[in-house]
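Structure assessment
Residue strings, one per chain:
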Amino acid sequence: MNQWLFVLLALVIVSAAVLAVTLRNLIHSVLSLIVVFLGTAAVYVGLEAPFIAAVQVLIYVGAIAILLLFALMLVRAKMGQPTPHVTGSWWLGFILASALFVILAAAAFGIDRPAPPAADVPDVAALGTDLLRQWVMPFEAASLLLTAAMIGAIAVAIELRRQSRRSAP
Amino acid sequence: MTATPLSWILLLSAAMFAIGLFGALSRKSAIGVLIAIEIMLNAANINLIAFWRYLHMPSLTGQMFVLFSITVAGAEVALGLAIIIAVYRHMRTIHVDEITELKG
């Protein structure tokens, strides 16, 4: 895989990201967010992390994007007169983001180093072994976090539905 | 893709992060803000994988960080969307500049 393929991929990712944060229709924004996720997965494949790429496609494209689409359809804003889709002070955000990009880009130059040969890349079996040996405590903490987040999400949604039904006219 | 200089990958990630920051600061809809935050998280993950591939090869620490980051992102989106739906039921809007109940 050569570097011009990476440039092409980067252009696709950046333009899809720009569309995702500027499009007026949020459904279209989520669709171009999916392009960003898939492009990121392709970058992972190029960097010899195929398992992370598979996880990226499964969780980001398969779960998070679908969840965003469902939430969008649940909170469909009323179809009145079109309101601006950005806040009044968007230019402040633009200045801040541009300044951050300039700082990060200046920091990115000058740290180029040759990559180790691809033969040294550990395979997925090594990843699994490490996960259940060296990283077993974070692994268990992650399972606890996911359980807590799931219960919390259900609790937040259910409690308010009951309240709004009681206060409904 | 290892013929690619490391700084190019960092440049892509910096651009993604800046775009995400702009979206998070400028979007009116709370779901739009969440979309922008996802772009920023992906930029950070690309950085982690790039540094792992170029500088920390024998160990798997970079991949582990990305795995846990994706886990936390999943939890964050589930909770964030639940809160957005709860706010929508209360106030009939998800525009972040109209939700001013806590403003002093």
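A brief structural summary. The structure displayed is predicted, hence computed values, not measured ones.

Another point: the overall build of chain A. The secondary structure content of chain A amounts to 6 helices and 0 strands. Each helix and strand of chain A, placed in order from N terminus to C terminus, yields the pattern α-α-α-α-α-α. A total of 169 residues make up chain A; the buried ones form 31% of that total.

In this structure the tally under the stated criterion is 2 salt bridges over all chains. Note that A:E48 and B:R53 form a salt bridge whose closest N and O atoms lie 2.5 Å from each other. Here A:E48, found in the loop between α2 (26–46) and α3 (50–74), pairs with B:R53, found in helix α2 (residues 30–55), and the two come from separate chains. Owing to a relative accessible area of 0%, B:R53 belongs among the buried residues under this scheme. Where B:K28 meets B:D97, a salt bridge forms, and the shortest distance between an N and an O atom there is 3.9 Å. Here B:D97 lies in the segment after α3 (61–91) and B:K28 lies in the loop between α1 (6–26) and α2, a separation of 69 residues in the sequence. Using a relative accessible area of 11% as the deciding quantity, one classes B:K28 as buried. Under the relative-accessibility criterion, B:D97 is labelled partly exposed at 36%.

Enumeration according to the criterion identifies 5 aromatic pairs over all chains in this entry. Plain terms: the ring middles of A:W4 and B:W8 are 5.9 Å apart, the flat faces sit at 55° to each other, and that makes the pair tilted. Remark: B:W8 occurs in helix α1 and A:W4 occurs in helix α1 (residues 3–22); the pair is interchain, linking two chains. Classification of B:W8 by relative accessible area gives partly exposed; the value is 27%. Centre to centre, the rings of A:F37 and A:Y60 are 4.7 Å apart; their planes meet at 45°, and the pair counts as tilted. Separated by 23 residues along the polypeptide, A:F37 in helix α2 and A:Y60 in helix α3 bring together distant segments of the chain. Under the relative-accessibility criterion, A:F37 is labelled buried at 0%. Its end group placed over the ring of B:Y88, B:R92 keeps NZ or CZ at 5.0 Å from the ring centre.

With 75 residues, the main nonpolar core has A:L68 and B:I31 as its most contacted residues. Listed by contribution, the elements that provide at least two residues to this core are α1, α2, α3, α4 (90–108) and α5 (124–133) of chain A together with α1, α2 and α3 of chain B. At 13 residues, α2(B) tops the list of elements feeding residues into this core. When residues of this core are sorted by domain, at least three fall in each of domain 1 (1–79) and domain 2 (125–169) of chain A. Every residue in contact with B:I31, bar those within four places of it in the chain, is listed here: A:L68, A:A71, A:L72, A:V75, B:L81, B:I84 and B:I94.

So, on to the interface of chain B and chain A. At the junction of the two partners, chain B supplies 75 residues and chain A supplies 89 residues. For the pair chain B and chain A, the two sides together bury roughly 7,400 Å², of which 78% comes from carbon and sulfur. Remark: the boundary between chain B and chain A carries 1 salt bridge. Put simply, chain B and chain A have 6 residue pairs in polar contact (both at pLDDT 80 or more) between them. For the side of chain B that touches chain A, the secondary-structure elements that each account for two or more residues are α1, α2 and α3 of chain B. In terms of residue count, the dominant contributor to the side of chain B that touches chain A is α3(B) (24 residues). In the side of chain B that touches chain A, the residues fall into 53 nonpolar, 15 polar and 7 charged.

Procedures and definitions
- In every chain, residue numbers begin from 1 and rise along the written sequence.
- Here every chain gets a letter starting at A, and every ligand a number starting at 1, in the order they are written.
- For this predicted model, a pLDDT threshold of at least 70 governs which residues receive local features, and a threshold of 80 or more governs which side-chain atom pairs are given and counted, while totals over whole chains, interfaces and linings are taken from all residues.
- Side-chain numbers come from the whole structure's heavy atoms, not from hydrogens or water.
- Counting from the N terminus, the helices are DSSP H or I runs at least four residues long and the strands are E runs at least two residues long.
- Only protein chains enter the area calculation, which uses a 1.4 Å probe; residues under 20% of their type maximum are buried, those over 50% are exposed, and those in between are partly exposed.
- Between Lys or Arg on one side and Asp or Glu on the other, a salt bridge is scored when a side-chain nitrogen of the former is within 4 Å of a carboxyl oxygen of the latter.
- We call Phe, Tyr and Trp rings a pair once their centres come within 6.5 Å, taking the six-membered ring for Trp, and we label the pair stacked below 30 degrees between planes, edge-to-face above 60, and tilted otherwise.
- Any Lys NZ or Arg CZ that is within 6 Å of a ring centre and within 35 degrees of that ring's normal is treated as a charge sitting over the ring.
- Here, the term nonpolar core denotes a set of buried Ala, Val, Leu, Ile, Met, Phe, Trp, Tyr and Cys residues that are joined through side-chain atoms within 4.5 Å.
- Domain start and end points were adopted from an automatic or database domain assignment.
- The contact criterion used throughout is that any non-hydrogen atoms of two residues lie within 4.5 Å.
- Simply put, the buried area is the total loss of 1.4 Å probe accessible area from both parts when two parts are fitted together.
- Counting of polar contacts relies on pairs of N or O atoms within 3.5 Å, with two restrictions inside protein: one atom must be capable of donating a hydrogen and the other of accepting it, and residues adjacent in sequence are counted only when both atoms are side-chain atoms.
- Basically, the charged four are Asp, Glu, Lys and Arg, the nonpolar ten are Ala, Val, Leu, Ile, Met, Phe, Trp, Tyr, Cys and Pro, and anything else, Gly included, counts as polar.

Honestly, that's just the spatial picture; any functional story needs more than this.
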